[in-house]
Amino acid sequence: MISRANGRPISITGLGCHVPERVLTNDELAGIVETSDEWISSRTGIRERRIAADTEAMSDLSIPASRRALEMAGVAPADIDLVIVATVTPDMAFPATAALLADELGMPDAAAYDLSAGCTGFMYAIAQAYGMVAGGLADRALVVGGDVLSKILDWTDRSTLVLFGDGAGAVVLERVDRGGFLGFELGADGGGGEHLWLPGSGSRHFDDPDSFVKMNGREVFKFATRVLVTSAEKLLEQCGLTIDDVDVYVPHQANVRIIDHAVRKLGVREERVVVNVDRYGNTSSGSIPLALADAAADGRLKPGELVLMTGMGAGLTWGSALIEWTEEMV
Ligand SMILES: CC(C)(COP(=O)(O)OP(=O)(O)OC[C@H]1O[C@@H](n2cnc3c(N)ncnc32)[C@H](O)[C@@H]1OP(=O)(O)O)[C@@H](O)C(=O)NCCC(=O)NCCS
């Protein structure tokens, strides 16, 4: 799916994030599985990640992130009429985490549902919220992206354990006078789904009773380096722009080598790239909103700046969005 955003101008007017307190370093992981800080940091750029407490679930990370986003947007919870939570680690299969969140925050008139598109979930969710607001079905949407992948990792499997962390981010989408979203490109290749999957987590029976994330790292690496480039290039072309027009590049934070590859191929200037994978690891659907929040905290998101975001992950899925930033991030 690819299109210019040809409806009314709609933008992100509030942004918040939340990560668990517990920091887990590479050295600590080396005490759990056979690995080392040297292996992890040289292969991935990750130095530490956040890990949720036993009692912390997806909604617990979503609530503070959402409160911050609403506060920044100056929007009362009761005025939100759409809540989408992009996650593969909801509190439970049902009720939706979005419904629990809407209840907790006080959004009695909101439609609320979860969306599953792996690490690309946040990109799918903002595209969908854009469509609902542009089409007039909703006025103000709250979109949360996040995951608590530590709960579904095999803590004896070094090939996946070292890559992921927990965290969530939230944004408010609403109509603005000018600027805002310029376009989206989203895609999926279910044929490659078995390279990053959670067999046994749904209605399909598997003989292996383990319900943990399984991954073919090399295949995912090849996929990721390809789609981060092609998705961004297609969208820029669709919008009549080039990479030189992009002021802030926010790629999915999976691995610094994947990001470096995309940056080189796309020709993005180094100082325009947002990287925080070193501190959070891959937080799945939380990755892009957490990176946006970091860029905002560093004063890098200013009105008028063109921001390119590209996510990719399980599905296999990918997605890009271009937005002309409209808000002062205070
Ligand atoms: C996982 C990944 C970092 C592995 O890096 P790599 O350079 O391709 O490493 P390889 O797969 O070649 O493995 C090299 C060796 O390291 C070992 N290894 C794997 N994980 C290890 C770890 N945490 N510590 C130490 N050794 C490890 C492997 O067993 C392998 O050993 P072998 O050669 O004896 O079989 C890389 O493939 C990757 O980043 N893939 C994408 C993953 C991803 O981003 N997934 C989420 C997408 S949303």
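Read on for an overview of the structure.

Rules and cut-offs
Numbering of residues starts from 1 in each chain and follows the order in which that chain's sequence is written. Whole-chain, interface and lining totals are the exception, using all residues; otherwise, since this is a predicted model, local features are given only for residues with pLDDT of at least 70 and side-chain atom pairs are given and counted only at 80 or more. With hydrogens and water excluded, all non-hydrogen atoms of the structure serve as input to the side-chain values. For the purposes of this entry, the term helix denotes a DSSP run of H or I that reaches at least four residues, the term strand denotes a run of E that reaches at least two, and both are numbered from the N terminus. To get the radius of gyration, use the C-alpha atoms; to get the globule rule, take the number of residues to the power 0.38 and multiply by 2.2 Å. We call a residue buried when its accessible area falls under 20% of the maximum for its residue type, exposed when it is over 50%, and partly exposed in between, using a 1.4 Å probe and counting protein chains only. Between two residues, a contact is recorded if the distance between any of their heavy atoms is within 4.5 Å. Note that accessible areas follow from Shrake-Rupley with a 1.4 Å probe, and for residues the cover is restricted to the protein chains shown. This count recognises Lys and Arg as positive and Asp and Glu as negative, with His and chain-terminal groups excluded. Where a charge lies is defined by one atom per residue type: Lys uses NZ, Arg uses CZ, Asp uses CG and Glu uses CD. Strands were regarded as paired on the criterion that DSSP finds at least two bridges between them. Only the stretch in contact is used when a helix axis is fitted, and all axes are lines through C-alpha atoms; the angle between N-to-C directions ranges over 0 to 180 degrees. Using a 1 Å grid laid over the protein atoms alone, points where a 1.4 Å probe fits but cannot get out form a cavity; open sets with protein on both sides within 12 Å along at least 5 of 7 lines form a pocket; any residue with an atom within 4 Å of a point counts as lining. Grid points are joined across faces, edges and corners, and a volume is the space filled by probe spheres set on the points. Ten residues, namely Ala, Val, Leu, Ile, Met, Phe, Trp, Tyr, Cys and Pro, are considered nonpolar, four, namely Asp, Glu, Lys and Arg, are considered charged, and the remaining ones, Gly among them, are considered polar. Here, proximity means that at least one heavy atom of the residue falls within 4 Å of the molecule or strand. N or O atoms within 3.5 Å of each other form a polar contact, as long as, within protein, one can give a hydrogen and the other can take it, and as long as residues adjacent in sequence are counted only when both atoms are side-chain atoms. Assignment to a cavity or pocket requires that more than half of a molecule's atoms be within 2 Å of the site's grid points. Any Phe, Tyr or Trp ring, taking Trp's six-membered ring, that has another such ring centre within 6.5 Å forms a pair; planes under 30 degrees apart are called stacked, those over 60 apart edge-to-face, and the others tilted. When a carboxyl oxygen of Asp or Glu lies within 4 Å of a side-chain nitrogen of Lys or Arg, that pair is called a salt bridge.

### Quick look at the overall build of the protein chain
Here is step 1: Helix and strand content of the protein chain: ten helices and 14 strands.
Here is step 2: Relative to a compact globule of 330 residues, whose C-alpha radius of gyration would be 20 Å, the protein chain shows 18 Å and is just as compact.
Here is step 3: The 330 residues of the protein chain split such that 55% are buried.
Here is step 4: Residue pairs at least 24 apart in sequence account for 78% of intrachain contacts in the protein chain once pairs closer than 6 positions are excluded.
Here is step 5: Accessible surface, the protein chain: about 13700 Å² in total, of which carbon and sulfur atoms supply 48%.
Here is step 6: Between the centroid of the 28 positive side chains of the protein chain and the centroid of its 47 negative side chains there is a distance of 6 Å.

### A short note on the sheet that holds strand 6 (residues 111–115)
Here is step 1: Pairing is mixed across the open sheet formed by five strands, whose spatial order is 2-8-7-5-6. Edge strands, defined here as strands with exactly one partner in the open sheet, are strand 2 (10–18) and strand 6. The average angle at which neighbouring strand axes cross in this sheet is 15°, direction not considered.

### Observations concerning the layout of surface pockets
Here is step 1: The volume enclosed by the largest pocket comes to roughly 810 Å³.
Here is step 2: Of all the secondary structure elements, the ones that give two or more residues to the lining of the largest pocket are strand 6 and strand 10 (196–197).
Here is step 3: Grouping the amino acids of the lining of the largest pocket by side-chain chemistry returns 20 nonpolar, 13 polar and six charged.
Here is step 4: For the second largest pocket, the calculated volume is near 610 Å³.
Here is step 5: Lining of the second largest pocket is provided by 26 residues; of these, W39, S159, L163, M215 and G217 occupy positions nearest its centre.
Here is step 6: With five residues, helix 7 (residues 217–238) is the largest single contributor of residues to the lining of the second largest pocket.
Here is step 7: Grouping the amino acids of the lining of the second largest pocket by side-chain chemistry returns 13 nonpolar, eight polar and five charged.

### Details of the side chain of N26
Here is step 1: Residue position: N26 is located in helix 1 (residues 26–30).
Here is step 2: Accessibility expressed as a relative area gives 1% for N26, which makes it buried.
Here is step 3: Leaving out residues up to four positions away in the same chain, N26 has contacts with D37, I40, S41, I46, R47, E48 and R49.

### Some details on the site of the ligand
Here is step 1: Every one of the 24 residues lining the ligand counts as a neighbour, but T35, R43, G217, R218 and N255 are closest to it.
Here is step 2: One nitrogen or oxygen atom from the side chain of T35 is found 2.6 Å from a nitrogen atom belonging to the ligand.
Here is step 3: Between the ligand and G217 there is a distance of 2.9 Å, counted from a nitrogen atom to a backbone nitrogen or oxygen.
Here is step 4: With the chains in place, 74% of the 970 Å² that the ligand exposes on its own is no longer accessible.
Here is step 5: Applying the majority rule of atoms within 2 Å of the grid points places the ligand in the second largest pocket.
Here is step 6: When residues of the shell around the ligand are traced back to their parent elements, those giving at least two are helix 2 (37–44), helix 6 (158–161), helix 7, helix 8 (256–266) and strand 13 (306–313).

### Let's talk about the packing of aromatic side chains
Here is step 1: Going through the model one piece at a time under the given rule, you end up with five aromatic pairs.
Here is step 2: Pairing Y130 with F184 gives two aromatic rings, centres 5.4 Å apart and planes at 45°, and the pair type is tilted. Here Y130, found in helix 5 (residues 121–134), pairs with F184, found in strand 9 (residues 180–188); they are 54 residues apart in sequence, far enough to count as distant. The same class applies to Y130 as to F184, namely buried.

### Side note on the pattern of salt bridges
Here is step 1: A full pass over the atoms with the stated rule returns eight salt bridges.
Here is step 2: Measuring nitrogen to oxygen at the nearest pair gives 3.4 Å for the salt bridge that ties D139 to R175. With D139 in the loop between helix 5 and strand 7 (140–148) and R175 in strand 8 (residues 166–175), the pair connects residues that are 36 residues apart, well separated along the chain.
Here is step 3: The partner of R140 in a salt bridge is E174, with the nearest N and O atoms 3.2 Å apart. Here R140 is found in strand 7, whereas its partner E174 is found in strand 8, with 34 residues between them in sequence.
Here is step 4: On the basis of relative accessible area, R140 is assigned to the partly exposed category, the value being 28%.

### A short note on the sheet that holds strand 1 (residues 2–4)
Here is step 1: Overall, mixed pairing links the five strands, which are arranged 1-9-14-13-12 in an open sheet. The sheet is open, and its two borders are formed by strand 1 and strand 12 (248–251), each paired with just one other strand. Neighbour to neighbour, the strand axes of the sheet diverge by 10° on average, direction disregarded.
Here is step 2: Two elements, strand 12 and strand 13, share four bridges in a ladder whose sense is parallel. Of the residues in strand 13, the one forming a bridge with P251 is T310.
Here is step 3: Docked against the sheet, helix 7 engages strand 1, strand 9, strand 12, strand 13 and strand 14 (317–324), running at close to 40° with respect to strand 14.

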